[in-house]
Structure formats: structure tokens, C-alpha cells
Amino acid sequence: MSKNVLVIGGAGYIGSHTCKKLQQLGYTPIVYDNLVHGHKSSVKWGPIEVGDLLDFDRLSEVFGKYKPISIIHFAAYAYVGESVLDPSKYYRNNVVGSLNLLDAMRVNKIKSLIFSSSCATYGIPTRVPITEDAPQIPINPYGTTKLTVEKMINDFSHAYDLDCVVLRYFNAAGADLDGEIGENHLPETHVIPLILQTALKKREHFYIFGNDYDTPDGTCIRDYVHVEDLAQAHISSLKYLEGGGSSTQYNIGNGSGYSVRELVTEAERVTQEEISLVIAERRVGDPAILISDSQKIKNELGWQPEYSDINTILETSWRWQKGLI
Ligand code: UFG
């Protein structure tokens, strides 16, 4: 009998790629999504139950119907800028919603959880690459909501015998290798889609947010990890929990950094298009450099990034962006 896994936020970017992998490996991904930012068209590998994280009764009903062996919780608002302007929205959805989920799990005796956290919980790192035991001092409400949920999970783990893997993603990028799904945020704020949409002339210019950072070319450096590799990290975590693993946290990145300027150069090579650049002000809340040390998950779960070279990231994104209307 196929094992049900409840994927909260499974109609979103990383969630949908994880559903595809789950189904390929013989699990049944049940998507629970309010479709505020998710796309119904990205749910192709199992049923969808439309519902909100804040709706306790609906969550309990879905738990009862499918009896999932585990829950993968992707659902969150994730616009850093918006979180600064409207923190209430972020605390309610990301924190109160997750508390609701944890309580519903407790009441329904579901004990296995994989949670999407973020490198945004580290704030401005004192050391790069960043290891899991680095200080977590977020510098925006989005990062604080993720850290707060991590702390709730930690307390619930001890008190109620919950086993949870927290995955702290660095910069998710790329699209499905078969071209079936990809990144489709509305509005789009992420660097690679914006660069590629400029190459497609859907946007007049690409704006570089600051060229006076303390980095070799003055632009911010990030660790881009392919969404397929991220999806695989969830599978490895699920198997770990199925095997009786206890609560832990892992950084998920590829361990090397690209500056915004380097991304543009690479994108011009891959697309064979010229990308019109404008140097703009720094964006509030952007650390200069974020690079992951992901040795812990490599050592403990045998995870390895396979598709996170910049070429595969840009080529899969480019194919996806060309197909978007
Ligand atoms: N950037 C530009 N111009 C743009 C957009 C982005 O120069 O038009 C730069 C940013 O300043 C940053 C880099 O490109 O230096 C990457 O920016 P993204 O917005 O693509 O991603 P972030 O680094 O801001 O990602 C952060 C956290 C994630 C979190 C995500 C939420 O690192 O953990 O925000 O969307 F999930």
C-alpha cells in the first residue's frame, strides 16, 4: 500500500517539485494548499485538498481522511520586503498557522514532520560558510517567523514526542529537469527569474540592488541550490524519520557562492541575449554574503547536490521561463 505524505504548500515552487519526487518513489503526496500563492496546475502527482493552515478543523479532517505517515510543511509567506511592511500578516500565517498545524498533529497523533526553514534565520553571518550551530539572529520579520517556528518545533519535540527535520534552505533556484514545473511567483522578486525575464525582454532592465558591498565585485553573493536537490533533501529526511531518526536541523545549499553580477554574465552566456543592467540602491535587509556549509546532511543522510551547478540551474530556469506566458 502506498504511503500518504501530507504536503502543506505542495502547490508552490519547492513543494510541487518534492511531490513529483515523492510520487516517483512510491509515496502518495496529498497536497494541502490554500492556493493564495500556489498554483493548482502544479499539483499533478496526487490529490489536492484546498484548505488553510489556520483552519484547525479542516486540517484534522484531512489528517483523518488520509492518515499520513509524515507531514512536509512548506506553506509560508516568503517576501522579505512585504514582511517588513506588514509583519502581522507574516506572524499570523507563518507562526500562528504553524502552531495550529503542530497542535493538529498532536491531537491526531502524527509524529513526523519536515519543516522548511531558511538561511534568513541566520541574519548577517559572523562566519561563512555557515554551519547549523551559527548564531540565529534574523534581521527581518520573515526570518523571525521561521526562527520562531523552529523554536516551537523544538519545544513540541521534547514535550510531545514529535520528530522533526528542519531544513534551512539557501537560495532555491532552477526548474524541473523535464520542464513540467518551475518557479512562478506573483509578483516575482527573485533574482534569477528577473534576470531571465529581462533576457526575454519581458522587463526592460534588471536592477542590481547595490554594487558597494564588501565582496570582490561589490554585489551580493548567494548560494544557489537547485530545486531538484532541495526536493531530494526532503526525501532523504523522510526516509531518515521513517527509520526512527530523531529531531535535527540541516543547512541545504551547494556550498559555493555567485555574485549578482556573475549571475548576469552566466545568464548572458546561457541565453545568448544581452541583459540591460541598472545599478540601484541596496535592498533593505540583504546580507552581503550567504553561503552554506551543508556537510552535516552530507555526512548524516548521504545527501549530495547533483544539479546545483550554475549551468544546470540557469538552463532549466531558462527553458521554464521561455514557456511561461
Ligand atoms: N537581487 C537584485 N536585483 C533583483 C532581485 C534580487 O540585485 O531584482 C539580489 C538581491 O539583492 C540578493 C540576490 O539578488 O542579493 C538574491 O535575491 P533574492 O530575492 O533572489 O533572494 P534572497 O537572497 O533575498 O533570499 C531570501 C532568503 C531566502 C528566503 C527568500 C524569501 O535568503 O532564505 O529570501 O523569498 F527564502
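Residues numbered from 1 in each chain as written. Predicted model: local features only at pLDDT ≥ 70, side-chain atom pairs only at ≥ 80, totals over all residues. Heavy atoms only, no water.

Asks: What is the right way to look at the sheet that holds strand 3 (residues 48-50) in this model?
Replies: As a general point, the strands of a sheet are linked pairwise by backbone hydrogen bonds and lie either parallel or antiparallel. Pairing within the open sheet is parallel, and its seven strands lie in the order 3-2-1-4-5-6-11. Here the strands that pair on one side only, and so sit at the sheet edges, are strand 3 and strand 11 (248-252). The sheet shows a mean angle of 20° between the axes of neighbouring strands, taken without regard to direction. Across three bridges, strand 4 (residues 70-73) lies against strand 5 (residues 112-118) in parallel orientation. Bridging across to strand 5, I71 finds its partner in L113. Along the sheet, helix 2 (residues 56-66) contacts strand 1 (3-8), strand 2 (27-33), strand 3 and strand 4; its crossing angle with strand 3, the most-contacted strand, is approximately 160°. Packing against the sheet, helix 5 (residues 141-160) makes contact with strand 5 and strand 6 (163-169), and its axis sits at approximately 155° to strand 5. (Pairing = 2+ DSSP bridges. Helix = DSSP H or I, 4+ residues; strand = E, 2+ residues; numbered from the N terminus. Axes fitted to C-alpha atoms, helices over the stretch in contact; angles between N-to-C directions. Contact = heavy atoms within 4.5 Å.)

Asks: Explain the domain arrangement of the protein here, please?
Replies: How big an interface is tends to be stated in terms of accessible area lost as the parts join. Domain annotation of the protein identifies domain 1 (3-173 + 224-252) and domain 2 (191-223 + 255-323). When each unit is reduced to the centre of its C-alpha atoms, the spacing between domain 1 and domain 2 is 24 Å. Each partner contributes residues to the interface: domain 1 has 30 residues there, and domain 2 has 28 residues. Roughly 2,500 Å² of surface becomes buried between domain 1 and domain 2 when both sides are summed, with 64% attributable to carbon and sulfur atoms. Counting every contact that joins domain 1 to domain 2 gives 13 residue pairs in polar contact (both at pLDDT 80 or more). Looking at the side of domain 1 that touches domain 2, the elements with two or more residues in it are strand 7 (171-173), strand 10 (224-226), helix 7 (227-242) and strand 11. For the side of domain 1 that touches domain 2, the leading source of residues is helix 7, giving seven residues. (Domains from an automatic or database assignment. Buried area = accessible area lost by both parts, 1.4 Å probe. Polar contact = N/O pair within 3.5 Å; in protein donor to acceptor, adjacent residues only side chain to side chain.)

Asks: It is not clear to me how the packing of helix 8 (residues 260-271) against helix 10 (residues 310-323) should be interpreted in this structure. Could you clarify?
Replies: The description of two packed helices rests on the angle between their axes and on the distance between the axes. Their axes nearest at 10 Å, the elements helix 8 and helix 10 cross at an angle of 60°. Regarding the angle of helix 8 to helix 10, the classification is oblique. Taken as a pair, helix 8 and helix 10 cross one another with a handedness that is right-handed. On helix 10, the residues touching L263, E266, A267, R269, V270 and T271 of helix 8 are I310, N311, L314, E315 and W318. Considered class by class, the residues forming the contact of helix 8 with helix 10 number six nonpolar, two polar and three charged. (Parallel < 35°, antiparallel > 145°, perpendicular 65-115°, else oblique. Left-handed = near helix turned anticlockwise from the far one by under 90°. Nonpolar A, V, L, I, M, F, W, Y, C, P; charged D, E, K, R; others polar.)

Asks: I keep staring at the site of the ligand and nothing clicks. Help me out?
Replies: The full set close to the ligand counts 22 residues, and A78, S118, Y207, R283 and D286 are the nearest of them. One nitrogen or oxygen atom from the side chain of N171 is found 2.9 Å from an oxygen atom belonging to the ligand. Here Y207 contributes a backbone N or O atom positioned 2.7 Å from a nitrogen atom of the ligand. Taking 690 Å² as the accessible area of the ligand by itself, protein coverage stands at 91%. Only helix 6 (191-199) and strand 8 (206-209) provide two or more residues apiece to the shell around the ligand. (Near = heavy atom within 4 Å. Areas by Shrake-Rupley, 256 points an atom, 1.4 Å probe, with all protein chains shown as cover.)

Asks: Is there a simple way to explain the nonpolar core in this structure?
Replies: The nonpolar side chains of a soluble globular protein tend to be buried with one another. Membership of the largest hydrophobic core comes to 29 residues, with the highest contact counts inside it found for V5, I14, L22, I114, L167, I252 and I297. Of all elements in the fold, only strand 1, helix 1 (13-24), strand 2, strand 6, helix 7 and strand 11 reach the threshold of two or more residues within this core. In contact with L167, not counting residues within four places along its chain, are I114, F115, S116, S117, S118, A233, H234, S237, Y250, I252 and I297. The next biggest cluster of nonpolar side chains, apart from the first, holds 25 residues, and it includes V95, A104, L113 and V166. (Core = buried A, V, L, I, M, F, W, Y, C linked by side-chain atoms within 4.5 Å. Buried < 20%, exposed > 50% of the residue type's maximum accessible area, 1.4 Å probe, protein only.)

Asks: Where do I start with helix 6 in this structure?
Replies: Each turn of an α-helix holds 3.6 residues, which means side chains three or four residues apart point in the same direction. In terms of burial, helix 6 is largely enclosed, as nine of its nine residues are buried. Inspection of helix 6 places V191, I192, P193, L194, I195, L196, Q197, T198 and A199 among the buried residues, and these make up the whole buried set. As for helix 6, its buried residues are in contact with strand 7, strand 8, strand 10, helix 8 and helix 10. Two residues or fewer after helix 6 comes K201, characterised by a positive phi angle close to 65°.

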